[in-house]
Structures are given as C-alpha cells and as structure tokens.
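Now for the letters of each chain:
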Amino acid sequence: MDLEAVRTFVAVAEAGQFQKAATDLSITQQAVSKRIAALESNLGVRLFTRAPRGAELTIDGQAFLPHARELLRVAERAGASVRPGRRPLRVDVIASRSAQSGLMRGFHRAHPGIDLDVMMLFDIETAVTAIRSGAIDASFRAVAAPGRSLPEDIASVRVLDEPLQLLTGPAHALASARSVTVAQLTGHRIWMPGIAPGTEWGAYYDDLVAEFGLTIEVTGPNFGSDALLDTISDTPALATFMGEHTRLIWPADHGLRRIPVTDPTPVYPHSLLWHRDNPHPALATLRTHLAATTAGHDIAGTWTPGWAIPR
C-alpha cells in the first residue's frame, strides 16, 4: 500500500477539502485527486463523496481512517528505529562486570538523555562484523591480535590501560604481600580458564607468558566467575589475574586477596572500535567523554604488547 496515498487520505479527511489538503501537503489538488483515486482503486471502495462543503468520508472511509492513522504511526516508528540520533547507541562490551561496562556506566551517568543498548559479543571478528553491518555502533576491544590488522573502514582509539592484579586465596604463598613483582610470579600457577585461542585476550596472555616466563594454565571448563572464585579461595597453589577495574563480589569467608602487580605493571589495553562512516551523533559524544575521563597510556613502569597499540 502506498503510504503517500494513505498520508494524503488522512490529510483530506482532516481538512475536509481536497484543496486544503493539497496546500497542507505542498502538492497540487490534481495530485491529491490522483492519490485518492489510486488508493480507492487499490482498496476497491469509495472513501469520499463530494459535498457542498467539501469532501465527506463514506462509511468505508470512516472505517479505514483509524487504520490509516495507525499505518502512518507505525511507519514513523519504523523509520525512527534506524534513524541516527533517534535509535539507541549500541555498544559492545566483553562482560557485564568488566572495566568496559564501568566506562559505559560512567557515560550514562554523564549523559542520561542518550539511549543506550549495551550488549556482549564474543570475539573481535564477531564485533567487527557487527560494526560493519550496522548491528552495533562501537565495541571495546584490544584492537587486534598479532598479524590481523583492522579493516580500513574500522577506526579505533585507545581509551583505557587497565592494570592487572593477582587474585589469591588466603593460604596462597603471596597472599600477605602488599604488591608483587612480575618476577615474583615466576613458578606460581596462574589459572585462567576460558582463554580461547585466537581471541585478542588469548594473544595478550600469550605475549605476557613469552615476555616474562609466567605459568598460565587454561585447563578445565569455564564455569563462570563464581566457580573461579570458589576454586581460587580453596586452592593454595592457584592464583588468577583480574583487571583492577573488574567488579566482582564474593562471600566474606572466601578471604580472597587482590594484589597489585609491579615492575612492570602489566596493563590490558582497552580500545574503542567504530565504523568510520557511522553517523550516529551519540558516537562522537561517547568518544569525547572517553577522551576526557580515561587514563593516559604508555605510562612508565607499565607493560602492554606492541600489537595492541592502534594505528
């Protein structure tokens, strides 16, 4: 059904005159007549009768009018759902308790009038595909794994270097330390279940092992953060890494310790990725907010793999 013809029908019904409707729509009266005739032909009924005071709705026209108005409302909502600035800004984060999620909460507090859809995709390939298709507007990632640069139409900017901390149970050999150096971690078992080969965080920990000779174990299924915390609490020989800004809650009797790592401090490089031609106005607002509120990069005494630095 021709929506312009439906729009014209509603205009005539509300104006009561073809000429007045033509003026309201900024078209000729002849164009109004043609649209109404085409709509009547399509529906197989007459919608108006000529009267001394103008155009009057027939019984069929009266029955069709509320549905015509609803058609126009649905069309407007459909257009608004994909119109830049009218639909929510869609942003991908890795996990709900991650530093990236914290950055988006800060953005929402600073700009409560901007509608947001926050989602979680698995890896950078999935995220880049979603950015290029328009399914999402931006994604927080570590840019790319070694040897796999971003496509030319994807832009990126480093927004946060998140220090790693060591998480231990109360009986671990390092549990009483105020901080630990990377060298002190040599020989200790660091358990990181769920690190998938080929992901950007997998590449990050591969580089960390290669650089400092650490022992990172990825054996066993990943049953989620609660199971990880239970195991670390009960197993003196195991520790794990977590980001300084990662928000996790555990029972008080777990006695877990979060210990800063130093000399150097490994930092995980969070970057924001987006399509260079994305017109959503809130995307620029997000980038400006992140530039103004996040920490500096390449600070003395920190370590991050060179491939993680945006071009």
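Now for a quick tour of the structure. (Residues numbered from 1 in each chain as written. Predicted model: local features only at pLDDT ≥ 70, side-chain atom pairs only at ≥ 80, totals over all residues. Heavy atoms only, no water.)

Quick notes on the layout of surface pockets
No. 1: Here the largest pocket defines a volume of roughly 950 Å³.
No. 2: Lining the largest pocket are 29 residues, with Ile94, Ala95, Met192, Phe241 and Thr246 positioned closest to its centre.
No. 3: When residues of the lining of the largest pocket are traced back to their parent elements, those giving at least two are helix H5 (99-110), strand E6 (154-168), helix H7 (200-212), helix H8 (225-234), strand E10 (238-243) and strand E12 (265-275).
No. 4: If you tally residues by element for the lining of the largest pocket, the top one is E10, at four residues.
No. 5: Taken together, the residues that form the lining of the largest pocket break down as 16 nonpolar, eleven polar and two charged. (1 Å grid on protein atoms, 1.4 Å probe; cavity = no way out; pocket = protein on both sides within 12 Å on 5 of 7 lines; lining within 4 Å. Points joined across faces, edges and corners; volume = space filled by probe spheres on them. Helix = DSSP H or I, 4+ residues; strand = E, 2+ residues; numbered from the N terminus. Nonpolar A, V, L, I, M, F, W, Y, C, P; charged D, E, K, R; others polar.)

Re a nonpolar patch on the surface
No. 1: A surface patch of nonpolar side chains, amounting to about 260 Å² of accessible area, comprises Met1, Leu3 and Leu71.
No. 2: Relative to the helices and strands, leucine 71 resides in helix H4 (residues 59-82). (Patch = residues over 30% accessible without salt bridge, like charges linked within 9 Å, V, L, I, M, F, W, Y side chains within 5 Å. Areas by Shrake-Rupley, 256 points an atom, 1.4 Å probe, with all protein chains shown as cover. Salt bridge = Lys/Arg side-chain N within 4 Å of Asp/Glu carboxyl O.)

Regarding the side chain of arginine 141
No. 1: Inspection of the secondary structure puts arginine 141 in strand E5 (residues 138-141).
No. 2: Among the polar contacts listed, one links the side chain of arginine 141 to the backbone oxygen of leucine 121, at a separation of 3.0 Å.
No. 3: A distance of 3.0 Å separates the side chain of arginine 141 from the side chain of glutamate 200, its partner in a polar contact. (Polar contact = N/O pair within 3.5 Å; in protein donor to acceptor, adjacent residues only side chain to side chain.)

So, the packing of aromatic side chains
No. 1: Per the stated rule, a full pass over the model turns up nine aromatic pairs.
No. 2: Pairing phenylalanine 9 with phenylalanine 64 gives two aromatic rings, centres 5.1 Å apart and planes at 50 degrees, and the pair type is tilted. Taken together, the residues phenylalanine 9 in helix H1 (residues 3-15) and phenylalanine 64 in helix H4 connect sequence positions 55 residues apart.
No. 3: For phenylalanine 64, a relative accessible area of 12% gives the class buried.
No. 4: The structure contains a cluster of three or more aromatic residues connected by ring pairs, namely Tyr204, Tyr205, Phe212, Phe241, Tyr268 and Trp303.
No. 5: Looking at arginine 50, its charged tip hangs above the ring of phenylalanine 18, at a distance of 4.2 Å from the centre. (Phe/Tyr/Trp six-rings, centres within 6.5 Å; stacked < 30°, edge-to-face > 60°. Buried < 20%, exposed > 50% of the residue type's maximum accessible area, 1.4 Å probe, protein only. Lys NZ or Arg CZ within 6 Å of the ring centre and 35° of its normal.)

A short note on the environment of valine 218
No. 1: Within the secondary structure, valine 218 is located in the loop between strand E9 (215-217) and H8.
No. 2: With a relative accessible area of 40%, valine 218 lands in the partly exposed category.
No. 3: Separated by 207 residues in sequence, valine 218 and alanine 11 have C-alpha atoms that sit 67 Å apart.
No. 4: Residues contacting valine 218, with those up to four places away along its chain left out, are Met192, Pro193 and Ile195. (Contact = heavy atoms within 4.5 Å.)

Here we look at the nonpolar core
No. 1: One finds Leu166, Leu185, Tyr205 and Phe241 to be the most contacted residues of the largest nonpolar core, which totals 24 residues.
No. 2: At the level of elements, E6, H7, E10 and strand E11 (257-262) are the ones that each hand at least two residues to this core.
No. 3: Examining the composition of this core, we find that five residues originate from one element, H7, more than from any other.
No. 4: Beyond its immediate stretch of four places on either side in the chain, leucine 185 contacts Leu166, Leu174, Val180, Ile190, Leu214, Phe241 and Val261. (Core = buried A, V, L, I, M, F, W, Y, C linked by side-chain atoms within 4.5 Å.)

So, the pattern of salt bridges
No. 1: One pass over the full model with this rule turns up eleven salt bridges.
No. 2: The salt bridge partner of arginine 87 is aspartate 137, with a shortest N-O separation of 2.7 Å. In this pair, arginine 87 is assigned in the loop between H4 and strand E3 (89-92) and aspartate 137 in the loop between helix H6 (124-133) and E5, connecting sequence segments 50 residues apart. Each member of the pair, arginine 87 as well as aspartate 137, carries the same accessibility label: buried.
No. 3: Across the salt bridge formed by glutamate 200 and arginine 141, the nearest N and O atoms sit 3.0 Å from each other. With glutamate 200 in helix H7 and arginine 141 in strand E5, the pair connects residues that are 59 residues apart, well separated along the chain. Arginine 141 carries the same exposure label as glutamate 200, and that label is buried.
No. 4: When salt bridges with common partners are traced through the structure, they connect Glu4, Arg7 and Arg35 into a single cluster.

What to know about the packing of helix H2 (residues 18-25) against helix H3 (residues 29-43)
No. 1: Here H2 crosses H3 at 105 degrees, and the two axes come no closer than 8 Å. With respect to H3, the element H2 is oriented roughly perpendicular. Of the residues in H3, those in contact with Phe18, Gln19 and Ala22 of H2 are Gln29, Val32, Ser33 and Ile36.
No. 2: In terms of residue class, the contact of H2 with H3 is made up of four nonpolar, three polar and no charged. (Axes fitted to C-alpha atoms, helices over the stretch in contact; angles between N-to-C directions. Parallel < 35°, antiparallel > 145°, perpendicular 65-115°, else oblique.)

Comments concerning the packing of H5 against helix H9 (residues 281-293)
Two numbers describe a pair of packed helices, the interaxial angle and the distance between the axes.
No. 1: Where H5 meets H9, the axes come as close as 11 Å, and the angle between the chain directions of the two elements is 110 degrees. When the axes of H5 and H9 are compared, the pair comes out roughly perpendicular. Only Ala282, Thr285, Leu286, His289 and Leu290 of H9 make contact with H5, whose side of the interface consists of Leu103, Met104, Gly106, Phe107 and Ala110.
No. 2: Looking at side-chain class alone, the contact of H5 with H9 contains seven nonpolar, three polar and no charged residues.

A short note on unusual backbone geometry
Residues apart from glycine generally show negative phi values, whereas peptide bonds are mostly found in trans.
No. 1: In this structure, proline 264 follows aspartate 263 across a cis peptide bond, with omega equal to -10 degrees.
No. 2: The residue proline 264 is located in the loop between E11 and E12 in this model.
No. 3: Backbone geometry places serine 26, a non-glycine residue, at a positive phi of 60 degrees.
No. 4: As for its placement among the helices and strands, serine 26 is situated in the loop between H2 and H3.
No. 5: The backbone phi angle of aspartate 263 is positive, close to 55 degrees, even though this residue is not glycine.
No. 6: Following the sequence through the fold, aspartate 263 ends up in the loop between E11 and E12.

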